[in-house]
Amino acid sequence: MKRVTRLLWPLLFAGLVIGLYNLKAQVEDQEKELARIQRAIEDEREAIQVLRAEWSYLNQPERLRRLAAAKLDLQPVAQRQMASFERFAQRLAEAAPVETAVLATTSRDPAPGRPAPQPGFRSR
Amino acid sequence: MMFRIRELCRPLSPGAQCRPGQPRFEGPLGAAIETGRTRLLVLGGLFFLAFALVGGRLVDVTLLKPAADPKRNVAKAAAADPEAGREFFRGEIADAKGELLATNLVTWSLYADPKMILDPAATAARLVRLFPELDRKDLAEKLKPSDKRFVWLRRHLTPKEYQEVIAEGLPGIGARKDRRRVYPHGSLGAHVVGYADIDNHGIAGVERQFDGRLKRGERIQLSLDLRVQHVLREELAAAVKRHHAIGAMGVILDVHTGETKALVSLPEFDPHEPGRASEEGRFNRVTLGTYEMGSTFKILNTAMALDSSVATLTKVYDARFPLKHGKFTINDYHGKGRALSVTEIFQFSSNIGSAKMAIEAGTPRQRAFMGRAGMLKPVSIELPEIGAPLYPRDWKPLNTITISYGHGISVTPLHLAAAVAGIVNDGKRAPVTLVKRDPKEPIPYIPVVNSKTSAEMRQLMRLVVEKGTGKRAEAPGYFVGGKTGTADKSAGKKGYRRNTRISSFVAAFPMNAPRYVVLVMIDEPKASADTPEATGGAVAAPVVREVVLKAAPLLGVLPAENTSELTDEKKPGQKAPAKPPAKPAAKPAPPAAGRLERAATE
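Residues numbered from 1 in each chain as written. Chains lettered and ligands numbered in written order. Predicted model: local features only at pLDDT ≥ 70, side-chain atom pairs only at ≥ 80, totals over all residues.

1. Things to note about the overall build of chain B
Moving on, step 1. Across its full length, chain B holds 20 helices and 22 strands.
Moving on, step 2. Long-range pairs, those at least 24 residues apart, make up 69% of the contacts in chain B between residues at least 6 apart in sequence. (Helix = DSSP H or I, 4+ residues; strand = E, 2+ residues; numbered from the N terminus. Contact = placed C-beta atoms within 7 Å.)

Encoded structure:
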């Protein structure tokens, strides 16, 4: 009995030591990993920050205007190029009877000497 | 054995080391053993206490309050709040659409530890080779061994510079992570954003106003729209160039919310190098500079007369002869030499008529009105640079006369823009702000005039652009209305300097349901062949026209359509449908088309 306990205690002790050592090593590894990931996150954040600043810098209105003038065949929007949907519906309603009238004239024989009106085209 | 157990300890027996029930040692060594035993007991007790303490703490730390250990919950905390545990960056400043106006970049800054430097002269020489702008003597002085263990050598290196310095491998020279404030849009909006110093303390503008919040990492979103700001700046800069002016100011306000959409003061400065800018460049003319506004003040004067029922639109004042008050004579620029109605007084900007209206209203009423319009207090905008208005402490009849046409009182351009915004916004003035408003928060409007007066003022302002001094501000489809102003610049006590003037135009659009106020002022425009008279109508009104045409689509204001069809197709050359002259500026065209929130821009 005494011998068994004498053998058991050192074994238990050794087991504990090894277990503890492993645990500590694992924790250390994980901590290293954590620090690495946090550093990486911080680096990414800094990179994002740089990109955001650059994006804003590249969006300088003056630069965009210059580029648009050089590369695009665009002009500032004129007032007559803008419309609202309400107005659009209104104009469709206005246009509908005229359209049918135009179609009606084209279906008949054109008057001699006068060119037939172009369908779909409305002079104002 | 030198001792024997004689007896069990008896209670109250002589001898200190005896306990009841324990064997007692006697003899010469017995006492020593008793002492030893007591010592052992005391020691044992101490050890027990110590282990109990350690054990208790162990239970406490591992089982009872594990949350107190910050390391333990890193993952949990990160999941709950990704920003937790981050180092503080100074907060960003963004415009109304989220475009960054001020942000931070991580840079490296070079420092030296003089104690570690072996050869200051040689080190200085090698550093100067990398940074030619550093002074060698100055550098050697800094590097000389001293008690200091830390000296900044150069802040904010570029990545290339950083690489080069590190490659040199100089002992005692190191680089530290640093943060640099950057303004991606440079001088655009610099007067609003302001700037921070090298250690990221706000020095001017919003950077200073919200320094505390920015330092806590808060983000500040302004009401400014960068694209509108750009439009205003470009047009003002073009006007300055065209008229060889010394400066210009401009502001665009949302009349409903009081939000500042653009605020430009020319000349400007680069917020990255404020030290290099001139005093004038850093000076914010819109919020800090006070000026005599001139005729644009007639908007206030007329509104006062109409609102207090002193006058009606059709009331006639005799403006045939110059008005004399003491040794002063008040004259008209565009004199008509006849009696004028209130409408005409405004339309042709008659000083005589305006003065007569003010005299009739009386000084107390004028003063009270100026107070309501906010002319007697600094504007409550979120900037440290705000100018207090200058007005006569003792408001004499002569002051009443001159103030009626905008002289004898100096206010900032922002004052005027805010007051006009209030007058056209159904008489309700929204406090001016630079910070984007929360749409849910109610706006504490200040009443300036009643609804009827507001409607009449809108008609009058529209008339000025249709048929008065401001024709060049007409932007087809946007129903611009406004008032011209041409003020001779004050030369202190010496009176006024002729031909150094500020030409201005304050406008609102669309006049049928005003959304925005635009104020443009050109400082000291010179007359030229194109503009023989550098007046507000000739110099500032065309700028307003351009600004409205370019900024309105960005601000989500759609032009009215029927007028465009008239001008483009049926009646070329004619700008707007004719209106009966007796009833000026009848409400122009469809209000429905004028408002389509942001649909055009987003």
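2. Concerning the overall build of chain A
Moving on, step 1. Looking only at helices and strands, chain A features three helices and zero strands.
Moving on, step 2. Traced from its N-terminal end to its C-terminal end, chain A shows the element sequence α-α-α.
Moving on, step 3. Across the 124 residues in chain A, those meeting the buried criterion constitute 2%. (Buried ≥ 20, exposed ≤ 12 C-beta atoms within 10 Å, placed from the backbone.)

3. A closer look at the domain arrangement of chain B
Residue and element names in this part refer to chain B.
Moving on, step 1. Per the domain assignment, the segments making up chain B are domain 1 (93-221) and domain 2 (229-594).
Moving on, step 2. Taking only C-alpha atoms into account, the centre of domain 1 sits 44 Å from that of domain 2.
Moving on, step 3. Each partner contributes residues to the interface: domain 1 has 18 residues there, and domain 2 has 19 residues.
Moving on, step 4. Listed by contribution, the elements that provide at least two residues to the side of domain 1 that touches domain 2 are helix H6 (190-193), helix H7 (205-209) and strand E9 (220-221).
Moving on, step 5. Here the residues of the side of domain 1 that touches domain 2 sort into 10 nonpolar, seven polar and one charged. (Domains from an automatic or database assignment. Nonpolar A, V, L, I, M, F, W, Y, C, P; charged D, E, K, R; others polar.)

4. Quick notes on the pairing of strand E10 (residues 247-254) of chain B
The side chains of a regular strand alternate between both faces of the sheet.
Residue and element names in this part refer to chain B.
Moving on, step 1. Among the eight residues that make up E10, eight are buried, leaving the element largely enclosed by the rest of the structure.
Moving on, step 2. In E10, alternate side chains face the same way, and those of Gly 247, Met 249, Val 251 and Leu 253 on one face and Ala 248, Gly 250, Ile 252 and Asp 254 on the other are all buried.
Moving on, step 3. Where E10 and strand E11 (residues 260-266) come together, six bridges link them in antiparallel fashion. Of the residues in E11, the one forming a bridge with Leu 253 is Thr 260.
Moving on, step 4. Linkage of E10 to E11, two consecutive antiparallel strands, is achieved through a turn of five residues, within which Gly 258 is found at a positive phi near 75°. (Pairing = 2+ DSSP bridges.)

5. Examining helix H13 (residues 351-361) of chain B
Residue and element names in this part refer to chain B.
Moving on, step 1. In terms of residue burial, H13 counts as a mostly covered element, since nine of its 11 residues are buried.
Moving on, step 2. All of the buried residues along H13 are Asn 351, Ile 352, Gly 353, Ser 354, Ala 355, Lys 356, Met 357, Ala 358 and Ala 361.
Moving on, step 3. Positive backbone phi, at 95°, marks Gly 362, one or two positions downstream of H13.

6. Here we look at the packing of H13 of chain B against helix H15 (residues 397-404) of chain B
All names here are of chain B.
Moving on, step 1. Two elements in contact, H13 and H15, have axes whose closest approach is 8 Å; the angle formed by their N-to-C orientations is 135°. Compared by their axis directions, H13 and H15 come out oblique. Classified by chirality, the crossing of H15 by H13 is right-handed. Where H13 approaches H15, its residues Ser 354, Ala 355, Met 357, Ala 358 and Ile 359 are matched on the opposing element by Thr 400, Ile 401 and Ser 404.
Moving on, step 2. Residue composition of the contact of H13 with H15, grouped by class: five nonpolar, three polar and no charged. (Axes fitted to C-alpha atoms, helices over the stretch in contact; angles between N-to-C directions. Parallel < 35°, antiparallel > 145°, perpendicular 65-115°, else oblique. Left-handed = near helix turned anticlockwise from the far one by under 90°.)

7. Some words on the nonpolar core
Generally speaking, nonpolar side chains in soluble globular proteins are found buried as a group.
All names here are of chain B.
Moving on, step 1. In this structure, Ala 417, Val 420, Val 480, Val 517, Val 544 and Val 548 are the most contacted members of the largest nonpolar core, which totals 129 residues.
Moving on, step 2. The biggest single contributor to this core is helix H18 (residues 536-555), with 13 residues.
Moving on, step 3. In this structure, this core is formed jointly by two domains, domain 1 (93-221) and domain 2 (229-594), each of which donates at least three residues.
Moving on, step 4. Excluding residues that lie within four positions of it along the chain, Val 544 makes contacts with Ala 473, Val 480, Gly 482, Phe 505, Ala 507, Val 518 and Val 520. (Core = buried A, V, L, I, M, F, W, Y, C linked by C-beta atoms within 7 Å.)

8. Observations regarding unusual backbone geometry
Residues and elements named next belong to chain B.
Moving on, step 1. For the peptide bond that leads from Leu 266 to Pro 267, omega is 0°, which places it in the cis range.
Moving on, step 2. Mapped onto the fold, Pro 267 is located in the loop between E11 and helix H10 (279-282).
Moving on, step 3. Not every positive phi belongs to a glycine, and His 156 is a case in point at roughly 55°.
Moving on, step 4. Locating His 156 in the fold gives a position in strand E5 (residues 151-157).
Moving on, step 5. Given 18 C-beta atoms within 10 Å, His 156 falls into the partly exposed group.
Moving on, step 6. The phi dihedral of Ser 309 falls on the positive side, at around 60°, and the residue is not glycine.
Moving on, step 7. Within the secondary structure, Ser 309 sits in the loop between helix H11 (298-307) and strand E13 (316-318).

9. Overview of the environment of Ala 112 of chain B
Residue and element names in this part refer to chain B.
Moving on, step 1. Locating Ala 112 in the fold gives a position in strand E4 (residues 100-112).
Moving on, step 2. Sequence separation between Ala 112 and Lys 148 is 36 residues, and the spatial gap between their C-alpha atoms is 9.6 Å.
Moving on, step 3. The contact partners of Ala 112, leaving out residues within four places of it in the chain, are Ile 117, Lys 142, Leu 143, Val 151, Leu 153, Gly 172 and Ile 173.

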